[in-house]
Amino acid sequence: MSETAPVPARGRERFEYLLRLGDTSLVLGQRLGEWVGHAPALEEDLGLANIALDLIGQARLLLSYAGELEGCGRDEDALAYRRDVPEFRNVMLVEQPNGDFGLTIVRQFLLDGFQRELYAGLAGSADERLAGIAAKALKETEYHWRFSSRWLVRLGDGTQESHARVQRALDDLWPYTNELFDEDAVDRAMAGAHIAPPLAAIESRWRPAIAAVIGEATLQLPRERGRTKAGKRGQHGEALGYLLAELQFLQRAYPGAQW
Amino acid sequence: MKTGGEPAAHTEARVWSILENIADPEIPAISIVDLGIVRHVTADSRGVEVGLSPTYSGCPATDVIRSLVVESLAAHGLEAQIRMVLNPPWTTDWISAAGREKLHGYGIVPPRLLAGAAGGAEAANDEIPACPHCRSAQTERISEFGSTPCKSLYRCRDCLEPFERFKCL
């Protein structure tokens, strides 16, 4: 299963960090892709597909860079198609199944709010290549945030049914947000080298921004609860395995296949 | 020498004129130069280098454009390397004046200039554009996302025609 070759200690943390960013975008892009042909209306179908495309584009840039830093000859495809669950570094929030449209919107909203603060910070990274990727991704993420926060207000402040559904989705997904700000050795190394903004700084902007929209949507911000997850250290739920089975099927069944 | 021995400035001008004739694969009304994604052209003894920027990170046309550039230059005897340039990121402000005219003529509302305008992209994207078919101001947005990552969808309430608008980015 594991094709991971050792990485020199110096580059290891940055490699790990780029995998976290790239895998988070890749897994959410794949999840949104599952909506194609199934969204409530053609316009939302297009919207979710467009966001998926941006996320997968970001994942390609990030994983290509990760592969080059690793220096073992793995490119974006090798990293996306030939790693198994424990080697994925996405946060667990994004691997959660789509549920109904409301849950998809809540999941998107929570992550968009995080990514726009993250990319705004990374745009000033000491790592120029990462800064370039982030500056590009930031513009796209602002547009995603606009889409997900408007839908959250429309559903939250909508009918009794839509309100109840998004409130339930928010309650269910809230425990997964702890992980976004759970700082570990990799995060500290990145912040220390001015490659990434400190997670505490991101959280201090994320929290009021999402609270304002949640209030406008007449929803209740859930209270803190739940154990912090460790998707970014390779501990995932059952759902990710099924997602990867679909994502990776072709390259697993026909290794190296090309269009 | 791969550029055929002509002066570098001459080669670069020739490359630009070839690139001006490469249509965007998804919006064939405008060239990749009009779109503002060609960042630089340099020619020296090692050959030609063309700098390209993606419009969106995941735009599927990017790979196609890359091969189109390499093939078109090869057809003129020029061997080119492509360098992807991400920073500073592409903005719709780089679409040329001629490109904006062509978009309009093609039925796509061109993006508004963001430089110097208040409110940035968010305010610009909230402005309601006039219908490119009948010029009526009575239009409405159907969706913030359209058939390609760079466009959103509108409908005219007077002539009832749907139309697309280039998102301001």
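Above this text you will find the structure in question.
Cut-offs and rules
- Residues numbered from 1 in each chain as written.
- Chains lettered and ligands numbered in written order.
- Predicted model: local features only at pLDDT ≥ 70, side-chain atom pairs only at ≥ 80, totals over all residues.
- Helix = DSSP H or I, 4+ residues; strand = E, 2+ residues; numbered from the N terminus.
- Contact = placed C-beta atoms within 7 Å.
- Nonpolar A, V, L, I, M, F, W, Y, C, P; charged D, E, K, R; others polar.
- Pairing = 2+ DSSP bridges.
- Axes fitted to C-alpha atoms, helices over the stretch in contact; angles between N-to-C directions.
- Left-handed = near helix turned anticlockwise from the far one by under 90°.
- Expected span 1.5 Å × (residues − 1).
- Bend = angle between axes of the 7 residues up to and from the residue.
- Buried ≥ 20, exposed ≤ 12 C-beta atoms within 10 Å, placed from the backbone.
- Core = buried A, V, L, I, M, F, W, Y, C linked by C-beta atoms within 7 Å.

**Student:** What is the right way to read the overall build of chain B from this model?
**Tutor:** Along the backbone of chain B there are four helices and seven strands. For chain B, the succession of helices and strands along the chain, N to C, is α-β-β-α-β-α-β-α-β-β-β. Along the longest, intermediate and shortest principal axes, the C-alpha atoms of chain B span 60 × 30 × 25 Å. The long-range share in chain B, meaning contacts at least 24 apart out of those at least 6 apart in sequence, stands at 54%.

**Student:** Honestly, the interface of chain B and chain A in this entry has me stumped. Any pointers?
**Tutor:** Reports often express the size of an interface as the amount of accessible area lost when the parts come together. On the side of chain A, 20 residues touch chain B, which itself brings 17 residues to the contact. Among the residues making up the side of chain B that touches chain A, the classes are represented as 10 nonpolar, five polar and two charged.

**Student:** Where do I start with the sheet that holds strand β4 (residues 108-109) of chain B in this structure?
**Tutor:** One key point about sheets: their strands pair by backbone hydrogen bonds, in either a parallel or an antiparallel sense. All names here are of chain B. The strand order β4-β7-β6-β5 describes an open sheet built from four strands, whose pairing is mixed. Every other strand in the sheet has two partners, leaving β4 and β5 (139-143) as the edge strands with one partner each. Of the strand pairs in this sheet, strand β6 (residues 151-156) and strand β7 (residues 162-166) are connected by five bridges, and their pairing is antiparallel. Within β7, the residue paired with Ser 152 across the bridge is Arg 165.

**Student:** I would appreciate a short explanation of the packing of helix α5 (residues 101-122) of chain A against helix α6 (residues 128-156) of chain A in the present structure.
**Tutor:** Residues and elements named next belong to chain A. α6 packs onto α5 with a crossing angle of 145 degrees between their chain directions and a minimal axis gap of 7 Å. The handedness of the crossing between α5 and α6 comes out as left-handed. Of the residues belonging to the contact of α5 with α6, the class tally is 15 nonpolar, eight polar and three charged.

**Student:** Would you explain the pairing of β6(B) in this entry?
**Tutor:** Each regular strand carries side chains that alternate between the two faces of the sheet. Here four bridges tie β5(B) to β6(B), and the two strands are oriented antiparallel to one another. Across the sheet, residue B:Ser143 finds its bridge partner in β6(B), namely B:Leu153.

**Student:** Is there a simple way to explain helix α10 (residues 238-253) of chain A in this structure?
**Tutor:** Residue and element names in this part refer to chain A. With 16 residues, α10 extends 21 Å from end C-alpha to end C-alpha; this agrees with the ideal 22 Å at 1.5 Å per step. Considering bend angle alone, the principal kink of α10 is centred on Leu 247 and spans about 50 degrees. Within α10 the residues assigned to the buried category are Leu 240, Leu 243 and Leu 244.

**Student:** Can you walk me through the nonpolar core in this structure?
**Tutor:** Across soluble globular proteins, nonpolar side chains have a tendency to be buried as a group. One finds A:Leu18, A:Leu62, A:Ala66 and A:Val106 to be the most contacted residues of the largest nonpolar core, which totals 69 residues. No other element matches the 13 residues that helix α2 (residues 42-70) of chain A contributes to this core. Setting aside residues no more than four positions away along its own chain, A:Ala66 makes contact with A:Phe15, A:Leu18, A:Leu19, A:Gly22 and A:Leu79. With 32 residues, the next largest nonpolar core counts B:Leu35, B:Ile37, B:Cys131 and B:Phe166 among its residues.

Taken by themselves, the reported measurements are silent on function.
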